[in-house]
Structure formats: structure tokens, C-alpha cells
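Per-entry structural report
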There are 2 protein chains.
Amino acid sequence: MAIETTTLKDGDGLRQNKRKFNFLHKVLPISKWLLEYKKEDLIGDSIAGLVVAIMLVPQSMAYAMLAGLPPQVGLYASILPILVYAVFGSSRVLAVGPVAMDSLLTLTGVAAIATVGSQEFIALALILALMIGVIQLLLGIARLGFLVNFLSHPVLVGFTSAAALVIGFSQAKHILGITVSRPEHPYELFLNLFNNIPSTNLATLAIGGSSILMLLYFKYFLKKNLESLNVSPSIANPISKVGALLVVLLATIAVWALGLNGDSGVKIVGDIPAGLPSLAIPTIEMSQLTALFPTAIIISIVGFMESISISTTLARKRRQKVDANQELIAVGAANISSAFTGGYPVTGGLSRSVVNSTAGANTNLASIFTAVLIAVTVLFLTPLFYYLPQATLGAIVIVAVASLFDFKSFKHIWAYNKMDAVALLATFFGVLIISIQAGIGIGVATALMLYLYRTSKPHFAVVGRVGDTEHFRNILRHNVKTCPETFAVRIDESLYFANTKELEKILLNAVAEEPKLKNIVLICSAVNFIDASALDTLQRVIEELNEAGVRIYLAEIKGPVMDGLKKIGFVDHFGEENIFLSNHRAMEFLGCRK
Amino acid sequence: MAIETTTLKDGDGLRQNKRKFNFLHKVLPISKWLLEYKKEDLIGDSIAGLVVAIMLVPQSMAYAMLAGLPPQVGLYASILPILVYAVFGSSRVLAVGPVAMDSLLTLTGVAAIATVGSQEFIALALILALMIGVIQLLLGIARLGFLVNFLSHPVLVGFTSAAALVIGFSQAKHILGITVSRPEHPYELFLNLFNNIPSTNLATLAIGGSSILMLLYFKYFLKKNLESLNVSPSIANPISKVGALLVVLLATIAVWALGLNGDSGVKIVGDIPAGLPSLAIPTIEMSQLTALFPTAIIISIVGFMESISISTTLARKRRQKVDANQELIAVGAANISSAFTGGYPVTGGLSRSVVNSTAGANTNLASIFTAVLIAVTVLFLTPLFYYLPQATLGAIVIVAVASLFDFKSFKHIWAYNKMDAVALLATFFGVLIISIQAGIGIGVATALMLYLYRTSKPHFAVVGRVGDTEHFRNILRHNVKTCPETFAVRIDESLYFANTKELEKILLNAVAEEPKLKNIVLICSAVNFIDASALDTLQRVIEELNEAGVRIYLAEIKGPVMDGLKKIGFVDHFGEENIFLSNHRAMEFLGCRK
């Protein structure tokens, strides 16, 4: 149907030439921005690259820990994947790397088949990244980017909010310095934590708690304070982003100086191997692929969803375009490169991309700077993180995900539409009660079922003429003129198998309740298609009503629907003279005039 | 949404009284027709009851054999279930009993967990009937009858045609007198048969072949021949229905007289225990319930679908009504009664119901007569069937299902709508290649996916004024007048999560391609609802276009949609002055006049 959509034709030849020229730019966006690079963009790109790297070093380690992986895996996932995205990505400012949601999904997916922390666990996380990359690449090549549209806004809000709770509470053990067994279902996490509160390690809590407070200050108050001191936003902005790095430095120094990792029992990151990750081909068994497949599918979609939302929003602000399918290809390639360099699943991150954009990034050169800085960190700076307390990394995760819990959207959706709210709640509780993976499946299924339910019970209205106009509206809502022998019924849904029985009921009831009725005009302005089941029913009802002495007329049938009806011979059989361009004309014809 | 549908109010008090009075008639339809019984209906009812019984005796045994059950099970399923339906059923003429489709589904479902012909197999078929009965009853009480609407016409055509092939070929072994191993997938049946053709038993083939020929003559030619001999239709009609019984008698006599069951190797029905089935409570294990559950769900829906289609069609011809939920309850109760009297799954059968109706049935008293006659048969006449050849029963099934293969509908659907044709083919090949049960699941899922796909890529049209009217149509299809600075865009779909991205693309592209554009009127005549995701997108796009200097106006928003937009504060924020009752008014306001 959509093939026949309207575009205004203004020189098709010209446009075709443009299209050929654009193809290289489209599949390899770096070919455009690098060739057209302007010197004046360099300052913004380098500052943004530096600021993002400063955020990314602690975040990538924190997210790796969240995923149950050693900290260096997070750093490895922040080098080659970023470079690969810079080559293929259609967004100029998306900051790719480890993110909280994908890390949590990696943890739950892989922990189901391997012990957290084992060599097998690390290998599986890497295979998972490879699978995700291949899936995203294939989806992008097959132009299936539209599939993400099936993740509705309510489902995403429910999912993100529940995941934020799960992620936040999964890090609470690091803040409290306690050991908690991995729960089978997310909600058990809260019980496990609660039971273990008495064994809190106070030194750890002091580090973790003050880390959280400092991060919150940097996130929510520092910028305002600096601005009230008349510091210009272009300086205040980057400064407020170094919070995580500063907290990491202070906490590391505190642990080292006070020797808290000894008897006080503060857990530290410890040795991180120095040197770049080596290129390696993961060895894969079929059974691993099967076991990881559901998780891979979900991360492919959810991760991409996060990425495309943020890249679209940022592009819009700059009047640029991103192409969903090209983004799938770019993020997919980034994941594959992550798998070959000892990393784990990556995607475009919300907060870092915003920082990248506001810190002045103009092109993906900013990302290239970031990747180089991370590589330098991995090569030379890892010994600095030896005394870094895990509690501080936990604090970084908690503060990052706290803002993802979105009660405001829930209230808004609840007020607007209860069906959407049901989908949201189904997802939210599905995640908390069953599992992260199941929750999103439940949410999508609920949203689809509710949509089908809604379209299977179509709204309809008997309409009458508004004043002396040619416009007709619901007789129950508007002050309109009608005629006793002629009904104009507007059916407010495409006619398809799930609602054919309703259509039948509506027409037969109208006839049963109005003995005087002679004509029914069925207004099809809201009928966007009629499928074979509905056509079958419509033909039958028309015949039956004819026998009962009631004639059916059709009005305002849309072009594509009319094409179909003509093709199948319905129009010839029904009589073209019984089909009217507008309800106004039909009513005039039936003697129901202005 | 559907709550706000229109009904013409003419004395609601009166209607409420009627409703209370009608309640008993509704839940116990026998209370109406038996009390109001007219003497003149008796002749029609008794003739119809007799004719249906004559058809049902051989058919019920044949279908039991198809299901892998002894012939008496079919007869048992044709006594109490018929009486129970007569009490609860809202159709006056539906003939309940064993049918081909349910029998095949019973065979495939139960044979997966028990050996065909074993005592366990018989017990499981009975438990299956109980499960189906309970499911149907619950669906009916929960008013979920609308669920059957999700079995679209193309899926049913594909399913029925494939099942007819499978049923027909499953009986071929009886006609040929050969033994064929049960195939794992339906299509293997054809191969197995083909390989065994050389071992055909000629005496059996003679009986089976001549049975088929005689049945075909009765079904397709006898009535015409009688009418050309000036026999009145009221006599010709019933006579043409005794075909099956006559064939049964002749074949039985032939086998008995010629002793074909001896060395010639013609398989016969053999001993059928005389006497009514005893009331017995089936013993059930949990594991059986789990194993049978998918089959039970499918027969519940498919069986009911067959039943409700035929009862609706017949009721319409008589200007009577059937209530889908009451029908579920009645058929469910019939199935439960079947389980307690040694039967197996039953439903309303197509051909017998038509015969019942045309033979003159006026009320369910006809069915009561049928049940009594079957009971008499079971009590006294079973010895007569000793020499009945199985080939003749196979012939009865083959001739009954041959007309279910529906190539005409396929051609029609293919010509009308390729998406519907895809759903049909998916079901058809799903049934043949994988299994009966999987096929219908594949079909329903395909139909739903295609529907979602279709609504996720909405058609839209830029429209212009038709002549001097207030009617606006697609500028590409009609000769219309437009204005350069103002676009009127009609979006032909409800706005929901799966198509929000498309809406965004449509509006942004329109702006990108027309630099002169200042106003866009979004015509919502085909927008039946806007969900939370779409509202979110719409608000965002409106703001962005505003920034780009393009103002959005809305026109022809429907009542229920407007209610939602008002409730959430969208209308206040957007400005009620920017929303127009009709596109005509919007265009006048924007200076784009007639």
C-alpha cells in the first residue's frame, strides 16, 4: 500500500543523479565528513574527544564490573568499536561504548550458562558481542531497521525504569561492601540485599556513599554553582563532566593513603594488564550460539533502540539526518570489532553522546580522539587504577542509571491512555518479577495484543450534516441534520479479519433498530484497506440487506482501496453508480439535501 | 474506544425490561423454543431429525475411524452431546456431532502420546473432549467469543484445504486395502501411500471405489435426475441424503453375501458392543493435560469456528440470531457431556446442519429426534454393521471432505490481495509440511504480522480541493486545486507505536522538499486513535517544524481522539484555534479558498 505514497515530483532525473553520488557517502559516511573536513571544527572535536574520554575511562570499567567482567574488558570495548563506528556511522556525534543496559543484559544472559568471573564467562560475553554484531549487520543490510518501531514508548519506559531499578540495586552490594548471591528473579535481589544489610562494611560504605554524593553534586549542582559565579558555560560545562574522573582519583588516593584495602576490607580493582588488546578470533561452539541467541536478539534490538533514539535526537537539533539501517550496520560492525579485540557488547550511549555534542563535537573525529586517548590509557595508565575501590565504580553506575527511572512518563501515559499504561506496567513488572529478557517480550506482546484488540472493536458513528456545509459528523456529539430513511455510517477502522464480525453487527443492528430505514451510506474515509475476509463479509452483508429492502451505498473510498475493489470486480458487481466520491454527494443523490 | 459507539436511543427503559425477560431465554434457549412450540413445526422437525440420523449413523462411525477410534465412539458422541446442545444452543438448526476436522486433529494430537487403537488412546480422546469442553465453556463465560475473529478467511481457506487433502489421503489406505505407517509430517503420507500402491487389495478397492462412485452420484447428480423426472424437491431432497446409508447397506450385504472378509481380505468393522454408553467420570493425570493442551486449544477454536460459521449463516437465512458466546457455552457443554458418555470431541457440522435445515427443521426438537434415533441404533442395530467394510466408511469421509478443498477462494484472494494470499499459503504449506496444529499457528501469526506490517507503513496523500466543493482528495489521483505555501496531508492510519517513525518521516520530508512551505494541515479523518508513543512523536515534530518556520494545523480529529487530546492537555498547549472541524475550514482560514 505504502508504495503509492505521494512525493512531489520536481525533476526526477536530477534526483537520480544525486542519489548515485550519495551512495558512497551513505554506506561509508566517513568518506563525506573527512573529505569535507573544515579546520575550524578541530577545536570542538578535540575538546569533546577529551571530555568523553575522561568520562569513558571510569564508566567503561564500571559497566564492565556491572556485566560481571574484569575492568579492562570495558576499556577494550572502548577503542576499536569507537573507531569502527566513526567510519560507518551516519551520526556525527554518537559516542559508542559500553552502556548500563547492555551490560546488565550481558550479565543475566551469560550468567545463565557460565559462572560469573570465569574464563568461560569472559569468552561468552565476547561471543555475544559477535552475535549481536552479526544480527545488527544483517538487519541493517535487509533494511529491517523499522522493526525497532515495535518497541513502543510505554514499553521502553517500563523497561528502562525497571532495568534502572535492577541495575541500581545490583550495585548496592558494592556500596555496602557485602556479598549477595545472584538472584534467580530480579525482585529477589531486594530481599537478598535487605537480609545482608547487617554485614555492611563501614569503610566501604563511607567510600561508596561519599562517591555518590560527590557524583550527584557534579551532576546536578556544580554547573549552576559555577554559572552563579559567572564562569562561562563553555568552561562550566566540560568541568562538570570530569566528576567521575575526579571521584575516581580522590577515592583511589584515599584507599592508597589510608590502606583501606587491607584490614578495613575495601575491595579494590587490583591489577589491570597493561597493553592493547590483541586481535583474536573467538572460538565458538554451536551450543553456545543456541543458548545465547535470545539474549543476542534482545540486546541487538534494545541496544540499537538506545543508540538510534539518541542519534536521531541529536541529529535533529543540528538539522542533520541519520539513517536507521546505516546505523544498524555501523553499530553492528562496532560490536563485531569489539568481539575481535577482547571487548563485549557496545552501543551508542545516551549521556556520553549528549556530552560529546554539547562539548562541541562537530564530526566523528571527536570519537577518534576519544578512542586514541583510551588506547593511551590502556597502554600506560592502568597501574593508576590498582587502588581504585569497587564501591566508587558502583557509585558511578548508580548515579548514571538513577535518572533512567521515569515516573513522570508513567503518570502522563496513565492519564492519556489506559491501554498504553497497561503495556508499560506489564513490561515493568515482567522485568522485575520474571527477568529482564522476559519483561521486554511480555511488553511487546502486550502492546501488540492491545493494539489488535483495539482495532478489532472499531468505533463507528452515525453522522449528520454540520449546518449548511458538506461536512458530516457524529449525531451524538454534534448538532447535525439527518434524514429518517437514510443513515450515513462512518466506520472508524480499516476493515480486516479481526473486525469483520463487528462490521456485520453494526450494519445489521442499525437495520434491526430502524424499521423505516431504506438506505445506508457507508463512509469509508477511515478505511485504509479492506482485506479478503472483510471483503467477503461486506459482499454478504450487502446482499442480505438488499434482500431485506435496505440498499447500501459507499462513499469516500480511498484510492488504493478503490484500486483493489476494481481489480477484483467488486465495483462492477456492486455498481459504480452506488459509490460516491463524498458523503455529501451520496446524501444529495439520496434526497437528503442541505 | 468502542464503548462510545452509537446506538439510536429509543426508550432505554423499555429495552431494559426486555433485557431482563430475555436473560433466561439467552442462557437457556430451550426455555424459549419449547414453551413457544407450535404443533405445525412437528412434521418438519421429525423428518429432519430422521434424515440427519440416517446421515449421522455412517458418518459418525466413519469419523471415529478417521480419528483412530472404534466406530461405537462416534455413535456415543452423537447421543448426549446432541441433547445437551439442544438445551443450551442458540441456533435452532445446528447439527452437533463428530466432524472430519476435529477427528483428524484428535488423531494427530492423541497419536503423539499414545498408540492408535490402544485403550489409552481411547481414554485420551475422551479427556481431550473434556478439556475442549471446559475451554469452550470458559471462553464463552468470559465473553471471549470474539477471539475466533482472529482466524481470518484466508487462514481458514488454507487450513481447510490442506486438512481436506490430509484427511482424504489418510483414508486412501482403506480404499486400497493397504497398511501405511503413520507419517511424522503430513506430506510424507503421500509418499508412504505411493510406495504401498503395489500391495493394493483388489476386492477392497472394488468395494471402496464403487462406494465413492455411488456417493458422488448421490451427492452431485441424484437430485437433478429426480427433478428432471418431475419428483418434487420436498421428496427429492431427503432421498438424495440417504446415499451414505444405502451405500453402507449395499456394501455390507455384498461383503456378507460374497464372504469378502475371508480370503479376499476386505477389512470389516466387526463387533460393535450393543447398549448405551455408561456414564463414567474419566480419570485424568496432570501430564496428560499438559500434553493434550495445545491440541485442546486448537480444536476448541477451530471446532467452534466451523460451528459458529454454519450456525450464523443458517440463522441469517431465517432472520434469527445466534450469540457467539452462548454458542461457545453450548458446544462446550456438549463436549463435556461427550467425555462423560464415552465419546470424543464434537462440534456443529457443516453438511449435516445444512441438511437439517433444508429437510425442514424448525427447532432443536429435530436434533432431539436425531439423538433418540442414534440411541435406538446403538441399542438394537449394531449387529447389522458387523460386515460393514472399512473401505465404505473411508469412502464416506473422502466424499465428505472433497468439497472442502477450495481452489476458487485461493484464486480470488490471490487476485485481490497478495498479503492475504501469503497468509493462506503459509497456512496451507504449514499444515502439509509441518503439522495440522503448527499450520494454523503459522497462519494466524503470519496474518497478524502482515497486518502489523501494513499498518506500520501507512499510506498518506497530499490532497487538494475537488472543484468548488469542500471535498479534498489526493493530488496524484484527482484533478484538484492546491496552494503553494500550504500542504494538506491526509495520513491514512491510526497513529501508534509501529508507525510513529513513518509519520515523522512523512512530515519532515515534505518540509525538506518544499522550501516555500509555511503551513501543513494534518487531516486526521483516518486517524482512529493516537497512542502515547505517537502523541510523543507528534508533539516533538510539531515543535521542531515550528522552529523551522512551518506551522502545523490539525483537521477532522474524531470525537474519541479529541477527548484524549483534551484530557492530556495537548489541546490547551497546541491551541484549540489550530484545530479545525474540517479541512475545508482550515484551508479557508489559511487563505487557500475555493
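Residues numbered from 1 in each chain as written. Chains lettered and ligands numbered in written order. Predicted model: local features only at pLDDT ≥ 70, side-chain atom pairs only at ≥ 80, totals over all residues. Heavy atoms only, no water.

Looking at the overall build of chain A
Here is the rule we go by: In this text, helices come from DSSP runs of H or I with a minimum length of four residues, and strands from runs of E with a minimum of two, each type numbered from the N-terminal end. Only protein chains enter the accessibility calculation, which uses a 1.4 Å probe; a residue is then buried when its area is under 20% of its type maximum, exposed when over 50%, and partly exposed in between. What makes two residues a contact is simply this: any of their non-hydrogen atoms within 4.5 Å. Charge counting follows a simple rule: Lys and Arg are positive, Asp and Glu are negative, and His as well as the terminal groups are ignored. Where a charge sits is defined by one atom per residue type, namely NZ (Lys), CZ (Arg), CG (Asp) or CD (Glu).
Counting its regular elements, chain A contains 25 helices and 9 strands. By principal-axis analysis of the C-alpha atoms, chain A measures approximately 95 × 60 × 60 Å. When the 594 residues of chain A are sorted by exposure, 57% land in the buried category. Considering only intrachain contacts with a sequence separation of at least 6, the fraction spanning at least 24 residues in chain A is 80%. One finds the centroid of the 46 positive side-chain charges in chain A at a distance of 7 Å from the centroid of its 40 negative side-chain charges.

Some points on the pairing of strand β3 (residues 460-466) of chain B
Residue and element names in this part refer to chain B. Threshold: A strand pair is defined by DSSP finding two or more bridges across the two strands.
Of all 7 residues in β3, 7 are buried; the element is thus mostly enclosed. As paired elements, β3 and strand β6 (residues 486-491) share 4 bridges and run antiparallel to each other. Opposite Val 463, over in β6, you have Ala 488 as the bridge partner. With 3 bridges connecting them, β3 and strand β4 (residues 472-474) associate as antiparallel partners.

Digging into the packing of aromatic side chains
Think of a pair of aromatic rings as described by two things: how far the centres are apart, and how the planes are tilted against each other in angle. Put simply, the rule is: Classification of ring pairs rests on two measures: the distance between centres of Phe, Tyr or Trp rings, Trp counted by its six-membered ring, which must be within 6.5 Å, and the angle between planes, read as stacked under 30 degrees, edge-to-face over 60 and tilted in between. Comment: the charge-over-ring label is applied if NZ (Lys) or CZ (Arg) is within 6 Å of the ring centre and within 35 degrees of the ring normal.
Applying the stated criterion across every chain yields a total of 31 aromatic pairs over all chains. Measuring from ring centre to ring centre gives 5.2 Å for Phe580(B) and Phe589(B), while their planes differ by 45°; the resulting arrangement is tilted. By relative accessible area, which is 12% here, Phe580(B) ends up buried. Chaining the aromatic ring pairs together yields one cluster made of Tyr451(A), Tyr496(A), Phe497(A), Phe529(A), Tyr451(B), Tyr496(B), Phe497(B) and Phe529(B). In this structure, Arg454(A) packs its charged tip against the face of Phe529(B), placed 3.9 Å from the ring centre. The lysine or arginine in question, Arg551(A), covers the ring of Tyr553(A), its NZ or CZ lying 5.6 Å from the ring centre.

Re the interface of chain B and chain A
This is how it is decided: Using a 1.4 Å probe, buried area is obtained as the accessible area two parts lose upon being combined, added over both of them. By definition, a salt bridge exists where a carboxyl oxygen of Asp or Glu is found within 4 Å of a side-chain nitrogen of Lys or Arg. Amino acids are sorted into nonpolar (Ala, Val, Leu, Ile, Met, Phe, Trp, Tyr, Cys and Pro), charged (Asp, Glu, Lys and Arg) and polar (every other residue, Gly among them).
At the interface, 87 residues of chain B touch 88 residues of chain A. Taken together, the two surfaces of chain B and chain A that pack against each other cover about 8,100 Å², and 60% of this comes from carbon and sulfur. A salt bridge links Lys558(A) to Asp492(B); the nearest nitrogen and oxygen atoms lie 2.7 Å apart. Here the side of chain B that touches chain A takes 8 residues from helix α20 (residues 436-456) of chain B, the largest share from any one element. Looking at the side of chain B that touches chain A residue by residue, the class counts come to 36 nonpolar, 23 polar and 28 charged.

What to know about helix α6 (residues 100-111) of chain B
Residues and elements named next belong to chain B. Filter applied, for reference: Multiplying one less than the number of residues by 1.5 Å gives the expected span of a helix.
Taking 1.5 Å per residue as the helical rise, α6 with its 12 residues ought to reach 16 Å, and the 16 Å between its terminal C-alpha atoms agrees with that figure. Taking burial as the measure, the 12 residues of α6 include 11 buried ones, the bulk of the element. Within α6, burial applies to Ala 100, Met 101, Asp 102, Ser 103, Leu 104, Leu 105, Thr 106, Leu 107, Gly 109, Val 110 and Ala 111.

Examining the environment of Ala488(A)
Residues and elements named next belong to chain A. Structurally, the position occupied by Ala 488 is in strand β6 (residues 486-491). Look at Ala 488 and you get buried, because its relative accessible area is 1%. In this structure the C-alpha to C-alpha distance between Ala 488 and Leu 554, which are 66 residues apart in sequence, comes to 9.5 Å.

Some words on the environment of Ile436(A)
All names here are of chain A. In this fold, Ile 436 is placed in helix α20 (residues 436-456). For the pair Ile 436 and Tyr 76, spaced 360 residues apart in the sequence, the C-alpha separation amounts to 26 Å. Sequence-distant contacts of Ile 436, that is, excluding residues within four places in its chain, are made with Leu 104, Leu 105, Thr 108, Phe 159, Ala 163, Val 166, Pro 186 and Val 431.

Describing the environment of Tyr63(B)
All names here are of chain B. Considering the arrangement of structural elements, one finds Tyr 63 in helix α3 (residues 42-66). Given a relative accessible area of 5%, Tyr 63 falls into the buried group. Taking C-alpha positions, Tyr 63 is 64 Å from Ile 520, a pair spaced 457 residues apart along the chain. Non-local contacts of Tyr 63, meaning those with residues more than four positions away in its chain, are made with Pro 98, Val 99, Ala 100, Ser 103, Tyr 344, Arg 352, Val 397 and Ala 400.

Quick word on the packing of helix α8 (residues 153-176) of chain B against helix α9 (residues 188-196) of chain B
Residue and element names in this part refer to chain B. Put simply, the test is: Angular values range over 0 to 180 degrees, each being the angle between N-to-C directions of two axes fitted as lines to C-alpha atoms, with helices fitted over their stretch in contact. Small angles under 35 degrees read as roughly parallel and large ones over 145 as roughly antiparallel, with 65 to 115 read as roughly perpendicular and the rest as oblique. By definition, turning the near helix anticlockwise from the far helix through less than a right angle yields a left-handed crossing, and turning it clockwise yields a right-handed one.
Taken N-terminus to C-terminus, the directions of α8 and α9 make an angle of 20°; their axes are 10 Å apart at the nearest point. On the basis of their axis angle, the class for α8 and α9 is roughly parallel. In the crossing of α8 with α9, the sense of the turn from one axis to the other is left-handed. Contact residues: Leu 165, Val 166, Phe 169, Ser 170, Ala 172, Lys 173 and Leu 176 in α8; Leu 189, Phe 190 and Leu 193 in α9.

Considering unusual backbone geometry
Residues and elements named next belong to chain A. Within the chain, Asn 230 stands out as a residue other than glycine whose phi angle is a positive 65°. Along the polypeptide, Asn 230 turns up in the loop between α10 (202-228) and α11 (233-241). The phi dihedral of Glu 556 falls on the positive side, at around 60°, and the residue is not glycine. Topologically, Glu 556 is positioned in the loop between β8 (551-555) and α23 (559-567). Residue Glu 556 is classed as buried on the basis of its relative accessible area, which comes to 18%.

Examining the relation of the copies chain B and chain A
For the record, the criterion: What sets the superposition is a least-squares fit of C-alpha atoms, and only residues with pLDDT of at least 70 in both copies go into it.
It takes a turn of 180° to lay chain B on chain A, together with a shift of 0.0 Å along the axis; the resulting RMSD is 0.1 Å. Each copy turns onto its partner about a two-fold axis. When C-alpha distances to the rotation axis are compared across chain B, the minimum falls at Ala526(B), with a value of 1.9 Å. An overlap of 99% is found between the interface residues of chain B and their copies at the interface of chain A, pointing to a shared contact surface.

Looking at the pairing of strand β3 (residues 460-466) of chain A
Residues and elements named next belong to chain A. Turn length for the β3-strand β4 (residues 472-474) hairpin, with the two strands adjacent in sequence and antiparallel, is 5 residues, and the turn residue Gly 467 shows positive phi of about 55°. Where β3 and strand β5 (residues 480-481) come together, 2 bridges link them in antiparallel fashion. Pairing of Val 466 across the sheet is with Val 480, part of β5.

Side note on the pattern of salt bridges
Residue and element names in this part refer to chain A. Per the counting criterion, the structure on display carries 22 salt bridges over all chains. Arg 540 is the partner of Glu 544 in a salt bridge, and the nearest nitrogen-oxygen pair spans 3.9 Å. In this pair, Glu 544 and Arg 540 both sit in helix α22 (residues 532-547), 4 residues apart, roughly one turn of the helix. Looking at Glu 544, the relative accessible area reads 16%, which means it is buried.

Observations regarding helix α23 (residues 559-567) of chain B
Within α23(B) the residues assigned to the buried category are Gly559(B), Pro560(B), Val561(B), Met562(B), Gly564(B) and Leu565(B). For α23(B), the secondary structure elements touched by its buried residues are α18 (407-416) of chain A together with α22 (532-547), α24 (570-574) and β9 (579-580) of chain B. Looking at the residues trailing α23(B), positive phi occurs at Gly569(B), about 90°.

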